[in-house]
Amino acid sequence: MESVRLEKEQFETAGKDELLFINSFFILFRTAHYVEASNATYQTQSSRFYVNFRRLVDEHGRISIKVIEGRIFVRDKMVKFDSDGMVRAREIIDTWRHLGIGGIILDDSLDNRRIDKFVYLIAKLERSKLGMEDVSERLKDLGIDGIALLATEEKKEQVVLTEENRTFMRRAARVTFFRAISVVQDAMFRTANDKDIDISKARRVVHSLIDRIAQDEFSLIELTNIRDFDEYTYAHSANVCVYALTMGIRLGLDRQQLSQLGFAALFHDIGKVKLPEDLIRKPDVFDENDWIQMQKHPLLGAKTILRNIRFDQHAARAALVAFEHHINNDYTGYPVLNRKRPTILFSRIVAIADTFDALSSGRVYLKKSIPPDEVLRKMMYQMTVKFDDFLLKLFVSIIGVYPAGTLVLLSTEQLAVVSRNSSSNLSRPVVKLIGDKSGPYEEFVEMDLSQPEHSGKKVVKIIDPAGYNIDIKSIILSDK
Ligand SMILES: [Fe+2]
Ligand SMILES: [Fe+2]
């Protein structure tokens, strides 16, 4: 079976025709997701795609679309999407990968009707357990010739981290994480006194965070679980930045986009410095008046960024994210817009990261912390209309059922801290055993619950460290 690979050693970047073609192709898939083939919207998109397809195929003969290392190639030319295009592309890539499809080749004999059949076949099979060969069979059965499927690229050897490597990465992650907190603290302190913010430090720390997360996302996600900071707002900003960047990296955003996203996430709540300190630190549930005050922080944040940060792309995006991060997908949030318009991708990412962190820390709105698994369930089932559904699914796949850094009780009656998720089974993470009924262990041993030899053991529930008198912070910060 032929798998995806580039014909040329050196690849070019896709031109305007390829871009029009692939964008209209992905929009077609997305539309098929929501409506029937007879629907007028679908029909319009289908004709639009066919025009773009014909233009390209008449000139070049058959057209290949390939997914290689998360990037998309049309006719072996790499496509550079804008950030929204990237999200749409990611959605399709995920579906294809699930079905074992790494690419397709479209022949010039293809007509509209067969393309539509293909699109709906994939939409229908999306959640099935079929592999690429089965999909190929279906194509034949349905008489859809002119489309050949390519298998996904051969898996590269997974880099296995040695114990030493991991210790090093966790240490490096800690240094970067605490630097991020101090950058936010410094920036908030300066803006509170209406002084300008030096953004070079913020940019540097965002770049280090991107590098650390790209190497080992779990060593940073683990740190977001240190919940007992005195100054919650600063740690919250660093946490939101870590979650947002992890999502951005999984989405395949480029370095420049990641840098802007991280920067915006770090300063999303900067408007809070303009609110009375008693309100931010208020230990009780907010009353109506407190809420009116609190709802001013997005606008205050945008204004602060525009006033105290030198204006450039980074500042512009950050101001928009500060303004939009509580608006919600269904516009139930704040500020209320006079004219409803979709929020930008970065705001939709930050909204998810922000809600997760705020609810699981219990420090901002509810004043009561909720275990992370419950927060995710709440977001998935009760709050789902508030978020971008694809991004929410992506977030859940990163955080897992038991996020890195949470304390859990195992069926063996041992206590353990989650080190990282296993991609094959989100409810069976890798854990570090820290103790049992007779007390804490001297050495913490890691155990991968997704491995067959541990199939008899499982996580029973998430435990609140305070209830067991366990200092989770020192465990997370230790090299053990
Ligand atoms: Fe906020
Ligand atoms: Fe926030």
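So, how was this worked out
- Residues numbered from 1 in each chain as written.
- Chains lettered and ligands numbered in written order.
- Predicted model: local features only at pLDDT ≥ 70, side-chain atom pairs only at ≥ 80, totals over all residues.
- Heavy atoms only, no water.
- Helix = DSSP H or I, 4+ residues; strand = E, 2+ residues; numbered from the N terminus.
- Buried < 20%, exposed > 50% of the residue type's maximum accessible area, 1.4 Å probe, protein only.
- Polar contact = N/O pair within 3.5 Å; in protein donor to acceptor, adjacent residues only side chain to side chain.
- Contact = heavy atoms within 4.5 Å.
- Pairing = 2+ DSSP bridges.
- Axes fitted to C-alpha atoms, helices over the stretch in contact; angles between N-to-C directions.
- Donors = N, O, S within 2.8 Å, 3.2 Å for Na, K, Ca; no water.
- Tetrahedral: all angles 85-135°; square planar, octahedral: opposite > 155°, others 65-115°.
- Parallel < 35°, antiparallel > 145°, perpendicular 65-115°, else oblique.
- Left-handed = near helix turned anticlockwise from the far one by under 90°.
- Domains from an automatic or database assignment.
- Buried area = accessible area lost by both parts, 1.4 Å probe.
- Salt bridge = Lys/Arg side-chain N within 4 Å of Asp/Glu carboxyl O.

1. What to know about the side chain of S361
Stage number 1. Position of S361 among the secondary structure elements: in helix α15 (residues 345–361).
Stage number 2. The buried category is assigned to S361, whose relative accessible area is 9%.
Stage number 3. A distance of 3.0 Å separates polar atoms of two side chains, one belonging to S361 and the other to Y232.
Stage number 4. From its side chain, S361 meets the backbone oxygen of A358 in a polar contact 3.3 Å long.
Stage number 5. Other than its neighbours up to four places away in sequence, S361 contacts R227, Y232 and S369.

2. Observations concerning the sheet that holds strand β5 (residues 147–151)
Stage number 1. The sheet built from 5 strands is open, its strands ordered β3-β2-β1-β4-β5 with antiparallel pairing. Either end of the sheet is taken by a strand with one partner, and the two such strands are β3 (77–78) and β5.
Stage number 2. Sheet analysis places strand β1 (residues 63–68) next to strand β2 (residues 71–74), joined by 4 bridges and oriented antiparallel. Residue K66 lies in a different strand from β2, and its bridge partner there is F73.
Stage number 3. Packing against the sheet, helix α5 (residues 132–141) makes contact with β4 (101–106) and β5, and its axis sits at approximately 175 degrees to β5.

3. Side note on the environment of V205
Stage number 1. Relative to the assigned elements, V205 resides in helix α7 (residues 199–215).
Stage number 2. By relative accessible area, which is 0% here, V205 ends up buried.
Stage number 3. As a C-alpha pair, V205 and F263 span 58 residues in sequence and 9.1 Å in three-dimensional space.
Stage number 4. Residue contacts for V205: discarding those within four places in its chain leaves T176, R179, A180, V183 and L266.

4. Thoughts on the coordination of the iron ion (ligand 2)
Stage number 1. Donor atoms from the polypeptide that bind the iron ion (ligand 2) are H236 (NE2), H268 (NE2), D269 (OD) and D354 (OD), placed at 2.0 to 2.3 Å.
Stage number 2. Coordination at the iron ion (ligand 2) is irregular, judged from the 4 donor atoms that bind it and the angles of 80 to 174 degrees they form at the metal.
Stage number 3. The metal-metal distance between the iron ion (ligand 2) and the iron ion (ligand 1) is 3.4 Å, with D269 serving as a donor to both. Of the two residues, H268 sits in the loop between α10 (255–266) and α11 (277–281) while D354 sits in helix α15, which places them 86 residues apart along the sequence.

5. Things to note about the packing of α15 against helix α17 (residues 389–399)
Stage number 1. For the pair α15 and α17, interaxial distance at closest approach is 10 Å and the crossing angle is 45 degrees. Regarding the angle of α15 to α17, the classification is oblique. In this structure, α15 meets α17 at a crossing whose hand is right-handed. Where α15 abuts α17, its residues L345, R348, I349, I352 and F356 lie against L391, L392, F395 and I399.

6. Quick word on the coordination of the iron ion (ligand 1)
Tetrahedral coordination by four donors places them ideally at 109.5 degrees to one another around the metal; octahedral coordination by six donors ideally gives 90 or 180 degrees.
Stage number 1. Listed as protein donors to the iron ion (ligand 1) are D269 (OD), H297 (NE2), H325 (NE2) and H326 (NE2); their distances from the metal cover 2.2 to 2.3 Å.
Stage number 2. Coordination at the iron ion (ligand 1) is irregular: its 4 donor atoms span angles of 83 to 174 degrees at the metal.
Stage number 3. Positions of the donor residues of the iron ion (ligand 1) along the chain correspond to the pattern D-x27-H-x27-H-H.

7. Remarks on the domain arrangement of the chain
Stage number 1. Under the domain assignment used here, the chain contains domain 1 (16–151), domain 2 (163–399) and domain 3 (407–476).
Stage number 2. At the interface, 12 residues of domain 1 touch 10 residues of domain 2.
Stage number 3. Of the roughly 920 Å² buried between domain 1 and domain 2, counting both surfaces, carbon and sulfur atoms make up 54%.
Stage number 4. Looking at the side of domain 1 facing domain 2, the largest losses of area belong to S83, V87 and R90, adding up to 48% of the total buried there.
Stage number 5. Viewed at the interface, domain 2 and domain 1 are joined by 0 salt bridges.
Stage number 6. Among the elements that make up the side of domain 1 that touches domain 2, the one with the highest residue count is helix α3 (residues 83–98) (7 residues).

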